[in-house]
Amino acid sequence: MRKVLRWAVVVALAGFAALGGASWFAARHLTVDRLVAEAEKEINSRVQIGSMEVSLFQVPARIVLRDVILAPRDGQEAKPYPERAPLAGGPVEVKEVRLAVSLAQLLARRIDIREFAFEEPRLGIVLDEEGNNSLDELLRSPGGGKSGKSGVPAAPPGGGGESLNVYQQGFLARIDGVRSTGGEVDLEIAKTRLRLLLHDVDVRLDAIEVDPAALAETNAARLSLAGRLEVRSTKRDLLYGRLDFDGPARVKLFNPATGDLDPEVSADLALGEESYLNAEIPVVRKAWKAVQLLEKLGVKVDDLPPRADFGRSRSLAVHYFADRFTLEKPISLWFDDWELAVVDGTWIQTESDQHAGSAELVASERLSNGFRSKIGEGLSYLPKEIYPEVLGMVEGELLRDGRLVVEIASAGDLSDPDVSALNMVPDVGDLVKAAAGRVSGGQLEELAEGLLKKLLGGD
């Protein structure tokens, strides 16, 4: 028994000594210089790390990186790291990165990350006129694509070289407890002349497992998002709106077909009380013009209120993939007593400035009452036998719960949309014919339809 105990103590001491030796080895050889060199072999960036702490004498092992900067290559990366001119900033900056990994899994050539935290990351992104993302150049492999590593598929045609590619990197990884706090994103979309500013962004991601050999099954996770989005016009220096958001989302990080980093996100976000949109958004201004033709009836259309608040559910359900945002649930905007309800399925393609969708503009109670009165006057010449029925059918097409509802379609360039009203001129002739029944009323139908179209500004 004494021999067995002594043997066990010796083995334990040897194990602790080996782990201590590994920590000492890492402290000497896992340096900032070496880490930067390895990073610059994998991505087409110049990398700068202010300081690093490594501790392998604890479970899990931990690495802390501070003041990390990624910037375009400028020739300095050819110099020894201590001799480089320091970077003052770059498109990617992170105040602190904390990483906790399993040593046992690392020895088995598997990345098992127990903690992955980013403190105050800052991203500056530009989508140029052709839709190219400025970060793609930083994250692609140096010199273009590589063949797949042993045991994993090679990147298929069309994949790899454009961004971080899971098939090229060939890693098998499990990541727990990913989070980012205090993030800032500055995204400029050149074609639409929009600037999206994200402030105080917090992201928390649950466990995600990525296996290049089974990417479709090991590439999904749940996350929570919170922050504030400001939408600005770079053309007019105008704040288009603000969205304070908080809620869950589902995410896939890599495109299974190509292996490229190509996030697909479905989010259902609650919107804060301070969220609003400015009425100067081009789509809203053109939709308002479609309603102004009611002034031909003598119905006064008020000036567009300066801002819209989110009504009803105060939520935003949106799907993002391949640079396209698609609305998954309708959203409601209130301009004083007017409502603009944007229908689900409406989409925006960020890199091309294209969009398509539909909405319903619900007029104020005052305008709706005035409109109903004018329609009644316009049909007052009809025989009393059919007048109530025809009036009811016209109102049924144009009114809902006593409010005028204008169906809006919008498509084309988001900055100069093609907006049309779909239901402003009903087919009164058909309505009169249906109401008149066997009564011959061809002349009456023609007169009724012509008068109402004239009143509503139709041809």
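Preceding block: the structure.
All figures in this text were calculated on a predicted structure; none of them were measured in a lab.

*Asks:* Mind showing me how you'd approach the overall build of the protein chain here?
*Replies:* The helix and strand tally for the protein chain stands at 10 helices and 22 strands. Looking at the 459 residues of the protein chain, the share that counts as buried comes to 42%. Considering only contacts in the protein chain between residues 6 or more positions apart, those separated by 24 or more positions represent 61%. A total accessible area of about 24,000 Å² is found for the protein chain, and carbon and sulfur atoms account for 55% of it.

*Asks:* So what exactly am I meant to see when it comes to the packing of aromatic side chains here?
*Replies:* Each aromatic ring pair is summarised here by two numbers: the centre-to-centre distance and the angle between the ring planes. Taken as a whole and judged by the stated rule, the model has three aromatic pairs. An angle of 50 degrees between the planes, with centres 4.5 Å apart, marks the rings of Trp 288 and Trp 338 as tilted. Here the residue Trp 288 occupies a position in helix H6 (residues 282-291), and Trp 338 occupies one in strand S17 (residues 338-342), the gap between them amounting to 50 residues. The pair formed by Trp 288 and Trp 338 is uniform in burial state, with each residue classed as buried. Directly above the ring of Tyr 276 sits Arg 307, whose terminal nitrogen or CZ lies 4.1 Å from the centroid. The cationic tip of Arg 324 hangs over the ring face of Trp 347; the distance from NZ or CZ to the ring centre is 3.7 Å.

*Asks:* Teacher, can you tell me more about helix H8 (residues 387-398) here?
*Replies:* Relative to the 16 Å expected for 12 residues at 1.5 Å per residue, H8 spans 17 Å between its end C-alpha atoms, a close match to the ideal helical length. Val 390, Leu 391, Val 394, Glu 395 and Leu 398 are the residues of H8 that are buried. Within H8, the buried residues cover an arc of 130 degrees as seen down the axis, which keeps them to one side. Seen from the open side of H8, the exposed residues pointing more than 90 degrees away from its buried face are Pro 388 and Gly 396.

*Asks:* Got a minute to help me understand the pattern of salt bridges in this structure?
*Replies:* Side chains that differ in charge, positive against negative, can pair when their charged atoms come close. All told, the structure shown has 23 salt bridges when counted by the stated rule. Lys 329 serves as the salt-bridge partner of Asp 268, at 3.2 Å between the closest nitrogen and oxygen. With Asp 268 in strand S11 (residues 261-271) and Lys 329 in the loop between strand S15 (324-327) and strand S16 (331-335), the pair connects residues that are 61 residues apart, well separated along the chain. When its relative accessible area of 32% is taken as the criterion, Asp 268 is described as partly exposed. With a closest N to O distance of 2.9 Å, Asp 416 and Lys 286 form a salt bridge.

*Asks:* Quick question: what am I supposed to make of the packing of helix H7 (residues 365-378) against H8 here?
*Replies:* What describes two packed helices is the angle between their axes and the distance between those same axes. The N-to-C vectors of H7 and H8 enclose an angle of 145 degrees; their axes lie 10 Å apart at closest approach. Our pair here, H7 against H8, has a crossing hand that is right-handed. In this structure, H7 uses Phe 371, Arg 372, Ile 375 and Gly 376 to contact H8, whose residues at the interface are Tyr 387, Leu 391, Val 394, Glu 395 and Leu 398. Here the residues of the contact of H7 with H8 sort into six nonpolar, one polar and two charged.

*Asks:* Help me understand the nonpolar core in this model?
*Replies:* Within soluble globular proteins, side chains that are nonpolar tend to cluster in buried spots. Counting 92 residues, the largest nonpolar core has Ile 49, Leu 294, Phe 335, Trp 338, Leu 367, Leu 404 and Ile 408 as its most contacted members. It is strand S10 (residues 238-254) that provides the largest number of residues to this core, a total of seven residues. The contacts of Ile 408, once residues within four sequence positions are left out, are Ala 287, Ala 290, Gly 357, Ser 358, Ala 359, Leu 361, Val 419, Ser 420 and Ala 421.

*Asks:* Got a minute to help me understand unusual backbone geometry in this structure?
*Replies:* Generally, phi is negative for residues other than glycine and the peptide bonds are trans, each holding for most cases. Positioned with a positive phi, Glu 120 is a non-glycine residue whose angle comes to about 50 degrees. For Glu 120, the location among the structural elements is in strand S4 (residues 111-127). Positive phi outside glycine occurs at Asp 336, with the angle close to 55 degrees. Inspection of the secondary structure puts Asp 336 in the loop between S16 and S17.

The rules we used
Residues numbered from 1 in each chain as written. Predicted model: local features only at pLDDT ≥ 70, side-chain atom pairs only at ≥ 80, totals over all residues. Heavy atoms only, no water. Helix = DSSP H or I, 4+ residues; strand = E, 2+ residues; numbered from the N terminus. Buried < 20%, exposed > 50% of the residue type's maximum accessible area, 1.4 Å probe, protein only. Contact = heavy atoms within 4.5 Å. Areas by Shrake-Rupley, 256 points an atom, 1.4 Å probe, with all protein chains shown as cover. Phe/Tyr/Trp six-rings, centres within 6.5 Å; stacked < 30°, edge-to-face > 60°. Lys NZ or Arg CZ within 6 Å of the ring centre and 35° of its normal. Expected span 1.5 Å × (residues − 1). Arc of directions from axis to C-beta. Salt bridge = Lys/Arg side-chain N within 4 Å of Asp/Glu carboxyl O. Axes fitted to C-alpha atoms, helices over the stretch in contact; angles between N-to-C directions. Left-handed = near helix turned anticlockwise from the far one by under 90°. Nonpolar A, V, L, I, M, F, W, Y, C, P; charged D, E, K, R; others polar. Core = buried A, V, L, I, M, F, W, Y, C linked by side-chain atoms within 4.5 Å.

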